[in-house]
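Chain by chain, the residues run as shown.
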Amino acid sequence: MVNERKRYKKQKKKKRRRRILFGLFMLSLLLLASSLGYASFLMHKAESVINKSYELFRYDNTKRLDPKKDNFSVLFIGVDDSRSRNFKKDTRSDALILATFNAKDESVKMVSIPRDSYVYIPCEDKYDKITHAHAYGGVKCTVESIENLFDIHIDYYVKMNFYAFMDVVDALGGIEVEVPYDIKEKDSEDHRNAIVLKKGVQKLNGEEALALARTRKKDNDIERGKRQQQILKAILEKASKVSSITKYDDVIEAVGNNMKTNFTFDDIKSLIYYVTSRKNIHIESLQLKGTDQNDGVYYYKLDEESVQEVSDALRNHLESSSA
């Protein structure tokens with residue numbers, strides 16, 4: 001009788017274990033199915049967003065991006081349009097970052113071009129601040145001006161406005177960066193001193209991150225460019241975390257509504273492959289040197305030797321033989 005009870009209890013435990021294991025197995029399948037479904041949903045949404053954002057800015061022989069063997073260049077353009085500025089077509093560029101990618105070296109070189117840099121503007125056939133190039137002729141004029149400055153060909157561009165930047169930061173739940181000094185800055189709608197930041201490492205929302213990226217009251221455009229690169233890295237680091245996966249839907253939505261690019265969806269997938277298939281991508285920040293000039297109008301005079309050094313570094317990076 002005692003033995004029968006023991007056998008009964010053992011059988012009951014085995015059944016319970018089987019039910020638990022079966023439940024865990026089914027839960028795993030459900031999680032896998034839902035994650036695959038979410039990934040499929042994101043892929044479809046991303047394709048739709050990129051297709052809507054696609055805008056060819058000139059008809060040339062832009063090569064198809066193959067990160068396994070091709071080197072390429074990308075110009076990131078941040079423009080200062082907003083609702084308060086009525087999204088005008090003749091807006092100026094507020095941030096310019098040129099990056100070159102080398103597949104063989106698994107490396108990226110990056111340089112920020114100060115917005116008040118005094119350069120030759122081909123579409124107007126005159127010298128002026130680089131920020132005005134976008135107001136004169138949009139992306140095409142901006143790209144051609146920077147190509148002329150560094151004597152290189154720019155393959156791709158990504159143009160985003162204030163809202164894309166802020167919405168991405170907010171969609172990720174904020175980013176952690178170091179504020180170099182106490183800041184009082186206007187917000188995205190130009191309300192003066194609306195954003196107040198204290199010195200030190202802290203978590204910033206979209207409006208606060210934008211204020212940090214734009215301010216230059218206590219230093220200059222060179223330091224401003226460094227901060228913009230620091231913020232860009234913080235966004236990429238936050239986006240790469242597993243905890244951010246569920247936020248990608250909002251990120252894609254934010255980017256899609258406020259971005260233009262000549263990247264196709266296939267190009268974007270290749271770019272993602274470029275980043276995720278390499279264990280250690282070396283990112284080098286190049287710096288332009290220059291001096292402040294004020295002849296009634298302020299502008300930043302680039303040092304010719306510094307421009308040549310950056311130009312040589314970027315061209316050598318692009319032209320070095322690929323695997």
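Residues numbered from 1 in each chain as written. Predicted model: local features only at pLDDT ≥ 70, side-chain atom pairs only at ≥ 80, totals over all residues. Heavy atoms only, no water.

## Quick look at the packing of aromatic side chains
For the coordinates displayed, the defined rule picks out 7 aromatic pairs. With a centroid separation of 4.5 Å and an interplanar angle of 10°, the aromatic rings of Y156 and F263 are classed as stacked. Of the two residues, Y156 is situated in strand β6 (residues 156-160) and F263 in the loop between β11 (259-261) and α7 (265-276); the sequence distance between them amounts to 107 residues. Residue classification places Y156 among the buried residues on the basis of a relative accessible area of 1%. In this structure an aromatic cluster arises from ring pairing among F72, F101, Y156 and F263. (Phe/Tyr/Trp six-rings, centres within 6.5 Å; stacked < 30°, edge-to-face > 60°. Helix = DSSP H or I, 4+ residues; strand = E, 2+ residues; numbered from the N terminus. Buried < 20%, exposed > 50% of the residue type's maximum accessible area, 1.4 Å probe, protein only.)

## Observations concerning the nonpolar core
Within soluble globular proteins, side chains that are nonpolar generally end up buried alongside one another. Among the nonpolar cores identified, the biggest contains 39 residues, and F165, I175, L212 and I235 are the most heavily contacted of them. If you tally residues by element for this core, the top one is helix α3 (residues 162-171), at 6 residues. In this view, I235 contacts F165, V168, V169, L172 and I175; residues no more than four positions away in its chain are not counted. Core analysis: the next-biggest nonpolar cluster, separate from the first, contains 30 residues, I77, V143, L149 and L314 among them. (Core = buried A, V, L, I, M, F, W, Y, C linked by side-chain atoms within 4.5 Å. Contact = heavy atoms within 4.5 Å.)

## Looking at a negative patch on the surface
A cluster of acidic residues, D303, E304, E305 and E309, forms a negative patch at the surface. Tracing the backbone through its elements, the reader meets E309 in helix α8 (residues 304-319). The class for E309 is partly exposed, based on a relative accessible area of 48%. (Patch = residues over 30% accessible without salt bridge, like charges linked within 9 Å, V, L, I, M, F, W, Y side chains within 5 Å. Areas by Shrake-Rupley, 256 points an atom, 1.4 Å probe, with all protein chains shown as cover. Salt bridge = Lys/Arg side-chain N within 4 Å of Asp/Glu carboxyl O. Lys, Arg positive; Asp, Glu negative; His and termini not counted. Charge placed at Lys NZ, Arg CZ, Asp CG, Glu CD.)

## Some details on helix α4 (residues 206-214)
Counting buried residues along α4, 7 of its 9 residues qualify, which places the element largely inside the surrounding structure. G206, A209, L210, A211, L212, A213 and R214 are the residues of α4 that are buried. Residue N205 occupies the N-cap position of α4, its side-chain oxygen lying 3.2 Å from the main-chain nitrogen of E207. (Polar contact = N/O pair within 3.5 Å; in protein donor to acceptor, adjacent residues only side chain to side chain.)

## A look at the side chain of S306
Looking at the secondary structure, you find S306 in helix α8. Not counting residues up to four positions away in its chain, the partners in contact with S306 are Q287, L288 and K289.

## Thoughts on the sheet that holds β6
Across the sheet, 6 strands lie side by side as β11-β6-β1-β2-β3-β12; this open sheet has mixed pairing. Strand pairing shows two members of the sheet lacking a second neighbour, β11 and β12 (282-286), which therefore form its edges. When strand polarity is set aside, the average angle formed by the axes of neighbouring strands in this sheet is 15°. In the sheet, strand β1 (residues 72-79) pairs with strand β2 (residues 93-102) via 8 bridges, with the strands oriented antiparallel. Note on β2: the bridge partner recorded for G78 is A95. (Pairing = 2+ DSSP bridges. Axes fitted to C-alpha atoms, helices over the stretch in contact; angles between N-to-C directions.)

## Thoughts on α8
A rise of 1.5 Å per residue sets the reference length of α8, with its 16 residues, at 22 Å; its end C-alpha atoms lie 22 Å apart and thus fit the reference within 8%. Burial in α8 covers these residues: S306, V307, V310, S311, L314, R315, H317 and L318. Each buried residue of α8 lies within a common arc of 160° when the element is viewed along its axis, so the set occupies one face. Among the exposed residues of α8, those pointing more than 90 degrees away from its buried face are E305 and E319. The N-cap residue of α8 is D303: its side-chain oxygen and the backbone nitrogen of E305 are 3.3 Å apart. (Expected span 1.5 Å × (residues − 1). Arc of directions from axis to C-beta.)

## Description of the environment of E237
Its location among the elements puts E237 in helix α5 (residues 221-239). Sequence separation between E237 and I175 is 62 residues, and the spatial gap between their C-alpha atoms is 9.0 Å.

## Things to note about the confidence of the model for the protein
Averaged over every residue, the pLDDT of the protein is 79; residues scoring 70 or more account for 72%. Put simply, helix α1 (residues 2-53) is where the protein has its lowest mean pLDDT, 56, and strand β4 (residues 118-121) is where it has its highest, 97. (pLDDT = per-residue confidence, 0-100.)

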